[in-house]
Amino acid sequence: MRTTVVSSALAVLFLAAAPLAGQGFFTNAQRAGMGGVSLRVDASLSRYNVAYRAVPPRTIQGGAKASIPIPFGLIQFFKDHPIGNLTNDPLFHPDSARFNPVELLNLILSPPLFIQVKEPPTPTNDVTFGIGKDLLQVDLGKAQTLIPAEPFGLAWSSRPITVEPDFHGVQVGVAMWLHNEVELQLGDSLLALLKDAHPARHQTLYNVLGNGLAEGGLAPSVGYSGRVYGNEDRSMYAGIGVHYYLGAAYGSSTGSGGFTTGDTIFAGANPVRPDLRATTSYSKWGNSLGHGVGVDAGVAWVAGPIVFGLGVNDIGATITWPDTRIDYQRYDTTTVSGSARGWVTDSTKLHAETKTKLPVSYLANVIYSLGSSTVGAEVLNNGRGATVHVGAEQRFGPIAVRGGIARDQRKKVEFGFGGGVRFGPFGFDLGFWTRSNALADQRAISMATSLAIY
Amino acid sequence: MNRTWITVTLIAASLGAGCGQGRVIFNVDVYSFLKTANRDTVPYYAPLPPGVPDTIPVQTVNLLPTGAGSSIVDSASLTGLIAFVDAQGTGSVTYQLYIDTARAVYTRAALLTVSSGSVSPGDSVNTPISLNIPAAIKPFFTSTKVYIGARVASTATSPPVQGRARLTALQLSVALQDKIF
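Reading guide: rules and limits
Residues numbered from 1 in each chain as written. Chains lettered and ligands numbered in written order. Predicted model: local features only at pLDDT ≥ 70, side-chain atom pairs only at ≥ 80, totals over all residues. Heavy atoms only, no water. Helix = DSSP H or I, 4+ residues; strand = E, 2+ residues; numbered from the N terminus. Buried < 20%, exposed > 50% of the residue type's maximum accessible area, 1.4 Å probe, protein only. Contact = heavy atoms within 4.5 Å. Areas by Shrake-Rupley, 256 points an atom, 1.4 Å probe, with all protein chains shown as cover. Core = buried A, V, L, I, M, F, W, Y, C linked by side-chain atoms within 4.5 Å. 1 Å grid on protein atoms, 1.4 Å probe; cavity = no way out; pocket = protein on both sides within 12 Å on 5 of 7 lines; lining within 4 Å. Points joined across faces, edges and corners; volume = space filled by probe spheres on them. Pairing = 2+ DSSP bridges. Polar contact = N/O pair within 3.5 Å; in protein donor to acceptor, adjacent residues only side chain to side chain. Salt bridge = Lys/Arg side-chain N within 4 Å of Asp/Glu carboxyl O. Phe/Tyr/Trp six-rings, centres within 6.5 Å; stacked < 30°, edge-to-face > 60°. Lys NZ or Arg CZ within 6 Å of the ring centre and 35° of its normal. Patch = residues over 30% accessible without salt bridge, like charges linked within 9 Å, V, L, I, M, F, W, Y side chains within 5 Å.

Caption draft 1: A look at the overall build of chain B. Helix and strand counts for chain B come out as two helices and seven strands. N-terminal to C-terminal, the α/β element order of chain B is α-β-α-β-β-β-β-β-β. Taken across its 181 residues, chain B has 49% of its residues classed as buried. For chain B, restricting intrachain contacts to residue pairs at least 6 apart in sequence, the fraction spanning at least 24 positions comes to 86%. Accessible surface computed for chain B: about 7,300 Å², of which carbon and sulfur atoms make up 53%.

Caption draft 2: Fine view of the overall build of chain A. Of the regular secondary structure elements, chain A holds six helices and 21 strands. The long-range share in chain A, meaning contacts at least 24 apart out of those at least 6 apart in sequence, stands at 65%. Carbon together with sulfur atoms contributes 62% to the accessible area of chain A, which is approximately 20,900 Å² in total.

Caption draft 3: Inspection of the nonpolar core at higher detail. One finds B:Val28, B:Leu78, B:Tyr95, B:Ile133, B:Phe141 and B:Leu170 to be the most contacted residues of the largest nonpolar core, which totals 63 residues. At eleven residues, the largest contribution of residues to this core is made by strand E7 (residues 145-177) of chain B.

Caption draft 4: Representation of empty space enclosed by the protein. Residues and elements named next belong to chain A. Applying the stated criterion across every chain yields a total of six cavities of 30 Å³ or more. A volume near 50 Å³ is recorded for the largest cavity. Surrounding the largest cavity, Val50, Arg53, Glu164, Gln171, Ser221, Val222, Gly223, Gly241, His243 and Asp296 form its lining. When contributions to the lining of the largest cavity are tallied by element, the ones reaching two or more residues are strand E8 (205-230) and strand E9 (234-261).

Caption draft 5: Expanded view of unusual backbone geometry. A cis geometry characterises the amide bond from B:Ala46 onward to B:Pro47, with omega recorded as 0°. Position of B:Pro47 relative to the elements: it lies in the loop between strand E2 (41-46) and strand E3 (59-62). Here the bond from B:Pro159 into B:Pro160 is cis, since omega is -10°, no more than 30 degrees from zero. Note that B:Pro160 resides in strand E7. Even without a glycine there, the phi angle at A:Gln203 is positive, about 45°. Tracing the sequence through the fold places A:Gln203 in the loop between helix H6 (188-195) and E8. Positive phi values are uncommon outside glycine, yet A:His351 reaches one of about 55°. Along the polypeptide, A:His351 turns up in strand E14 (residues 339-357).

Caption draft 6: A look at the pairing of strand E4 (residues 135-139) of chain A. Residues and elements named next belong to chain A. Burial of E4 is one-sided: the residues Leu136 and Val138 facing one way are buried, the residues Leu135, Gln137 and Asp139 facing the other way are not. Looking at chain direction, strand E3 (residues 127-132) and E4 are connected through five bridges and run antiparallel. In the sheet register, Gly130 faces E4, and the bridge partner there is Gln137. From the end of E3 to the start of E4, which pair antiparallel, there are two residues.

Caption draft 7: Focus on the side chain of A:Arg159. Residues and elements named next belong to chain A. Along the chain, Arg159 falls in strand E5 (residues 152-163). On the basis of relative accessibility, which here comes to 15%, the residue Arg159 falls in the buried class. One polar contact links Arg159 to Asp314, side chain to side chain, over a distance of 3.0 Å. The contacts of Arg159, once residues within four sequence positions are left out, are Arg47, Ala175, Met176, Trp177, His243, Tyr245, Asp296, Asn313 and Asp314.

Caption draft 8: Quick peek at the pattern of salt bridges. Inspection of every chain in the model, using the stated rule, returns 16 salt bridges over all chains. Between A:Glu414 and A:Arg443 there is a salt bridge whose closest N-O contact spans 3.4 Å. Of this pair, A:Glu414 sits in strand E19 (residues 413-423) while A:Arg443 sits in the loop between strand E20 (426-435) and strand E21 (444-453), and the two are 29 residues apart along the sequence. What makes A:Glu414 buried here is its relative accessible area of 6%. We classify A:Arg443 as partly exposed; its relative accessible area is 34%. When the shortest N-O distance is used, the salt bridge between B:Asp100 and B:Arg108 registers 3.1 Å. You can call B:Arg108 partly exposed: its relative accessible area is 31%. In the salt-bridge network here, residues are joined through shared partners; they are A:Arg40, A:Glu393, A:Arg395, A:Arg402 and A:Asp429.

Caption draft 9: Fine view of the packing of aromatic side chains. Counted by the stated rule, this structure contains eleven aromatic pairs over all chains. Note on A:Phe129 and B:Phe26: the rings are 5.0 Å apart at their centroids and 25° apart in plane angle, and the pair reads as stacked. In this pair, A:Phe129 sits in strand E3 while B:Phe26 sits in strand E1 (residues 23-29), so the two residues belong to two different chains. In terms of burial, A:Phe129 and B:Phe26 fall into one category: buried. A centroid spacing of 5.7 Å and a plane angle of 25° characterise the contact between A:Tyr206 and A:Phe259, whose relative ring orientation is stacked. Taken together, the positions of A:Tyr206 in strand E8 and A:Phe259 in strand E9 put the pair 53 residues apart, joining distant regions of the chain. When its relative accessible area of 2% is taken as the criterion, A:Tyr206 is described as buried. Positioned over the ring face of A:Tyr48 is A:Arg47, at 4.8 Å from the centre of the ring.

Caption draft 10: Just a nonpolar patch on the surface, in detail. Residue and element names in this part refer to chain A. A surface patch of nonpolar side chains, amounting to about 970 Å² of accessible area, comprises Phe167, Val170, Val172, Val222, Tyr224, Val228, Tyr229, Ile240, Val242, Tyr244 and Val293. Put simply, the parts of the chain that give the nonpolar patch at least two residues each are strand E7 (170-186), E8 and E9. With four residues, the top contributor of residues to the nonpolar patch is E8. Locating Val222 in the fold gives a position in strand E8. A relative accessible area of 45% places Val222 in the partly exposed class.

Caption draft 11: Molecular detail of the environment of A:Leu186. By secondary structure assignment, the location of A:Leu186 is in strand E7. A:Leu186 sits in the buried class, given a relative accessible area of 7%.

Caption draft 12: Representation of H6(A) within the structure. Residue and element names in this part refer to chain A. Across the eight residues that make up H6, a large majority, six, are buried. Listed as buried for H6 are Ser189, Leu190, Leu191, Ala192, Leu193 and Leu194. Taken from the residues just after H6, Ala197 is the one with a positive phi, measuring 60°.

Caption draft 13: Structural detail: the environment of A:Lys195. All names here are of chain A. Along the chain, Lys195 falls in helix H6. For the pair Lys195 and Thr145, spaced 50 residues apart in sequence, the C-alpha separation works out to 7.3 Å. Every residue in contact with Lys195, bar those within four places of it in the chain, is listed here: Gln144, Thr145, Ile147 and Ala149.

Structural data, given as structure tokens:
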């Protein structure tokens, strides 16, 4: 049990790190200090705008060739949670009196790569249950703010491994692709029970709606990016990439889980009726491959100190899975020999064709660099809401000062500030940023550190 | 008992457990369970006629459907009100409340004894109930349910005595340190 919790939490933690990078978790202290904006022509831009592959990195002055995160947060984390004692650590140990599920979830939402200057606060109020023969009332107090009124979850589309060598602007290669979505939403009645402390009502369904999807595979790709107009000082770059998606495995599920109350809240041996149903479709590894075509396109305009770009990824990327199995499952409360029949599965729908769609992501950005000053702004939507980042950097010889502001996917305003110092080909950067990717109604503050190579 | 309350309870309890030093408090309306089962009123007699029980059938009171794990019960108290309504004879009445996690509640000592004082025909003596539950009993409230019993005994000074002991309120409050899992 303990090992499962520990390993599951660590696995989720590491798996979450990649998608969270696209949702406001930065591994680059320079970006963190500028509210997340990228002021360099680097991989973070060319990931979403294929035209930037052709723009020379030297277009923007002062940019580092590489940034290596220095994970001081892990030192802090493993000091607080010794690695040899993880299986007994209260953080991962539900049997411990100090186990706190909110703290564990916040750890997953924000991996401890960097030092947490201000941890997300967890409510410390009492929670009161009112129980009577015909009464159930739950008053979570201040913790009501943690109950999400809107759908919540994670979604990301990524290409964790890409091998696309460039031959004079033509890129031919293959990318590994992954697409995951998890979304949960509390039903209205359950929401009122937990968030507004409404008493449970008779003959009412209390449920959680959920859906999840995971798919992945390889995508042979061909693309081109290059200067299509102008000269060194004033140029238009364009890029296009075509991906033929080959899906290796796919699974999705949509369902509802809950119960319906009776005429009395606590009556008899079974006062509530389970209401559980799910539709699951999947194509296992080794089954027929999914297939589909998606297009990336982008343009970039470089005019002296200004760089402007607009890129769109995964246009029309619909994956067709020709041989999926669809199961309809429901919990049957019909009593047989004194007990409910339980889960009943209808697996008669075999060899069905299913289509899934990769989310279209887009990036619009502008960078203005003049002398020792650089400012920039970007709007990024990677399939789950747009984020806006605005930031600036001012260099004073070897020293850089940075600041920025952002609007995250939860539409909350976040702030960043920091600085750096350069020693010849190396530099050390420090960035502070506020973040709201936690189960809390107040911002946390993290401090990122990284080593820059110029 | 109520396994399917688990969904809501786990969500709520998770948040409760996540509330740092916050406690999980249960306010259980025990009276509502007794009232629904028509066990809020117990007749009393002195002397007790043969074959007439002086106890109520054991009643089940639901607590947290998942139980409260190995949580520590900070405090537990019982408050309420009982009315001794005397119809005939003069004497005194005692009302005893039993509680246990096993159904055989009458095999252990009474948790609470309430005395009416002297009652006479036509009297309706309202007696408040207030008890801080002893440490030995507190762990009972981390269970999914407890069993409740009541016994009424009467002593006659002018027999025969006959009347009813009628609960009008009985509230159990339990505060747990947040350790549901």
